[in-house]
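Descriptive analysis of the structure
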Amino acid sequence: MNMSLSAVHDLAHSHAASPTASTMLLHDAFHNLNELPTSSAATFSLSSVFLLLPCLLSNLHRPPLPSSLSDQLAAASPEDAGRSAGFPSIPSISSAPALYTFPFLDRTTLDWKDIMGSVSTAATVLGQPIVLPNGVTLPNRFLKSAMTERLCTYSDTDLNERGKPTTEYLEAYRVWGQGKIGTIVLGNLPVSRMDLEAKGNAILDKDNTWDAVEAFKPVIAAAKAGGSIVIGQITHGGRQVPYEVNPNPVSASDVKTPDAMGMKFGNPRPLTVSEIADLVDRFAWAAKALYDAGADGAQLHGAHGYLISQFLSPRVNKRTDQYGGSPENRQRFVMEIIAAIRQRVPDEKFILSIKFNSADFSDGGFSPEESRLFAEKAEAAGLSLLELSGGSYESLAFEHKKESTIKREAYFIEFADELRKHIKKAVLAVTGGFRSAEAMAKAVSEGSTDVIGLGRPLTAEPYFCADILKSSVKVAKPNLIPTALQTVSSVMQIQDFAHQRPVTDLSSEAVVAEILPVITGQRPAKADKVAGEAAAYDRTEKSAEKQ
């Protein structure tokens, strides 16, 4: 049997219509190797196998579309179908949906040579497990970074009614739990019900009368159902708490957060030493609650201008006692938290992690040199997983600061290169900017990072990691929302799939034109036109009309 490689390519492209023919061709490729010259046989067999094996696997594991969805796709235009069917709803954890791809969508209509040349290689790299210093294995190189979900209960008057997990909160993590994300970070999870990042946060506060362990158990179980490692990010807003949540915030000192992104902030007062001791205990209590609820670890939020970051920053921390002044003193708060957590949870298999800034990107703030020194100290204290980020509300860092980082996609990748020289055992994750499988795999292969942290791509496409690993997608959907407004729009998308609605497509100019006036407060939401925008926006409390 003497077939050209072009015939193999043609059949590979049409395998969905004829899985039987694909199977027969692959069988013949092996069966008839002896009929080909040696060099041709090697070329032909390898090409055939690598071109057609994905076809066979996808045919073996691809279930038929539900009839209702098939009918919907048949009747819809490609643009409409792409948006409505891009994320099928999930009836239950035990019957998770198939991860469908649609040939008429540009981003999933991929040339097999291109896939096998780059994306399959990327899938191999990103699919490799990695072992933390404490012996826990992360299933692959993807990490869902903690993001504000705003799906839990909130009351302006009853503190006990704040932060309870809801069915929508559970659903969001059930969805992510089926997305082949190696590590899922819940949160953020404030340890004080008065000091939230936003209304609707899930909360782990020792003063609440409801049972946090029992409340979070089903959420953590849902997130772990697909094999992910699950960590809870614990935090305190400090001076960076919206005015409508707490007009009298606390911080390391009395330096106010400038009003930004449509939010107002109160004038903070410095925490007393006894209050600092209480907060250390609150962080340790929250970590123990996560442990008892089945989580694999706890992550401290030491980035983006929240309380731990406020203590670390010489721009914000003006204290003259043992918690201010020198880098060692400014690190004392977080180091005491780490020690208290390990005392409360001595199980070394319980992962300790921190998300911290490469820099604050503001004059007089946390510097790259201090960040490096802190990473070394955190590793020595037993932290297994370090997640690198940057910026704060004062200086947003979720954009490229240098031309040299654009090609590598990640905003903080150059600092990661330098940091790696000083980390001996801890696993490093870099979050911010990654959008293509090729750039992610390159960063891992070159040793710049061990793990790829993802945020907004996973609100637009909760199955983005799974799609990369099966080589059906090679780049995230573009986000056409202005950078400063993308937190709000990502909350909107989380609200969508948490309520089992189609995810709002922010790569569509028409959709973005419809929702931008809502996000900026120029008009009321019309939920009948844009799915979920009213519910999501009500949670954000960022409308200009409310300021």
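Keep in mind it's a predicted model, so treat the numbers as computed, not measured.

On to helix α9 (residues 273–292), then. Here α9 contains 20 residues, and its C-alpha end-to-end distance of 29 Å stays within 8% of the 28 Å for a straight helix at 1.5 Å per residue. Among the residues of α9, those classed as buried are Ile 276, Leu 279, Val 280, Arg 282, Phe 283, Ala 284, Ala 286, Ala 287, Ala 289 and Leu 290. In this fold, the buried residues of α9 make contact with β4 (183–190), α8 (212–224), β5 (229–235), β8 (297–302), α10 (307–312) and α12 (332–344).

All right, on to the packing of helix α7 (residues 167–177) against helix α18 (residues 486–498) then. It is the contact of α7 with α18, at a shortest axis distance of 8 Å, that shows an interaxial angle of 90 degrees. Relative to α18, the element α7 lies roughly perpendicular. Packed against α7, whose contacting residues are Glu 168, Glu 171, Ala 172, Val 175 and Trp 176, the element α18 presents Ile 494, Phe 497 and Ala 498 at the interface. Residues of the contact of α7 with α18, tallied by class, amount to six nonpolar, no polar and two charged.

Our focus in this paragraph is the pairing of strand β12 (residues 451–454). The side-chain alternation of β12 yields two buried faces, one formed by Val 451 and Gly 453 and the other by Ile 452 and Leu 454. Pairing of strand β3 (residues 142–144) with β12, which is carried by three bridges, proceeds in the parallel orientation. Following the sheet pairing, Phe 142 is matched in β12 by Ile 452. Where strand β11 (residues 427–431) meets β12, three bridges bridge the pair, whose relative direction is parallel. Following the sheet pairing, Thr 431 is matched in β12 by Gly 453. At this point the chain moves from β11, through helix α15 (residues 437–445), to the parallel β12, and the crossover so formed is right-handed.

Although it is not a glycine, His 304 sits at a positive phi angle of roughly 60 degrees. One can find His 304 in the loop between β8 and α10. Taking relative accessible area as the criterion, His 304 reaches 12% and is therefore assigned buried.

To continue, consider the side chain of Gln 240. Locating Gln 240 in the fold gives a position in the loop between β5 and β6 (250–251). On the accessibility criterion, Gln 240 (1% relative accessible area) is buried.

Per the stated rule, a full pass over the model turns up nine aromatic pairs. Between Tyr 169 and Tyr 173, the aromatic rings sit 5.3 Å apart at their centres with planes inclined by 65 degrees, giving edge-to-face as the arrangement. Here the residue Tyr 169 and the residue Tyr 173 both occupy positions in helix α7, the gap between them amounting to four residues, near one helical turn. One aromatic cluster in this structure is built from Tyr 169, Tyr 173, Trp 176, Phe 216 and Phe 497. Across the ring face of Trp 176, the terminal group of Lys 144 is positioned such that the distance to the ring centre comes to 4.8 Å.

The next thing to look at is the confidence of the model for the chain. Mean pLDDT over the chain stands at 77; residues scoring 70 or higher make up 69%. Below pLDDT 50 for its whole length, residues 1–117 participates in 145 contacts with residues either more than four positions away or in separate chains. When the criterion is pLDDT under 50, residues 527–547 qualifies, and its contacts beyond four places in sequence or with other chains add up to 61 contacts.

The next subject is the pattern of salt bridges. On inspection of all chains with the given rule, the structure shows 26 salt bridges. Each of Asp 205, Lys 206, Asp 207, Asp 278, Asp 281, Arg 282 and Arg 344 takes part in salt bridges that share partners, so that together they form one network.

Rules used in this analysis
Residues numbered from 1 in each chain as written. Predicted model: local features only at pLDDT ≥ 70, side-chain atom pairs only at ≥ 80, totals over all residues. Heavy atoms only, no water. Helix = DSSP H or I, 4+ residues; strand = E, 2+ residues; numbered from the N terminus. Expected span 1.5 Å × (residues − 1). Buried < 20%, exposed > 50% of the residue type's maximum accessible area, 1.4 Å probe, protein only. Contact = heavy atoms within 4.5 Å. Axes fitted to C-alpha atoms, helices over the stretch in contact; angles between N-to-C directions. Parallel < 35°, antiparallel > 145°, perpendicular 65-115°, else oblique. Nonpolar A, V, L, I, M, F, W, Y, C, P; charged D, E, K, R; others polar. Pairing = 2+ DSSP bridges. Right-handed = clockwise from strand over helix to strand, strands pointing away. Phe/Tyr/Trp six-rings, centres within 6.5 Å; stacked < 30°, edge-to-face > 60°. Lys NZ or Arg CZ within 6 Å of the ring centre and 35° of its normal. pLDDT = per-residue confidence, 0-100. Salt bridge = Lys/Arg side-chain N within 4 Å of Asp/Glu carboxyl O.

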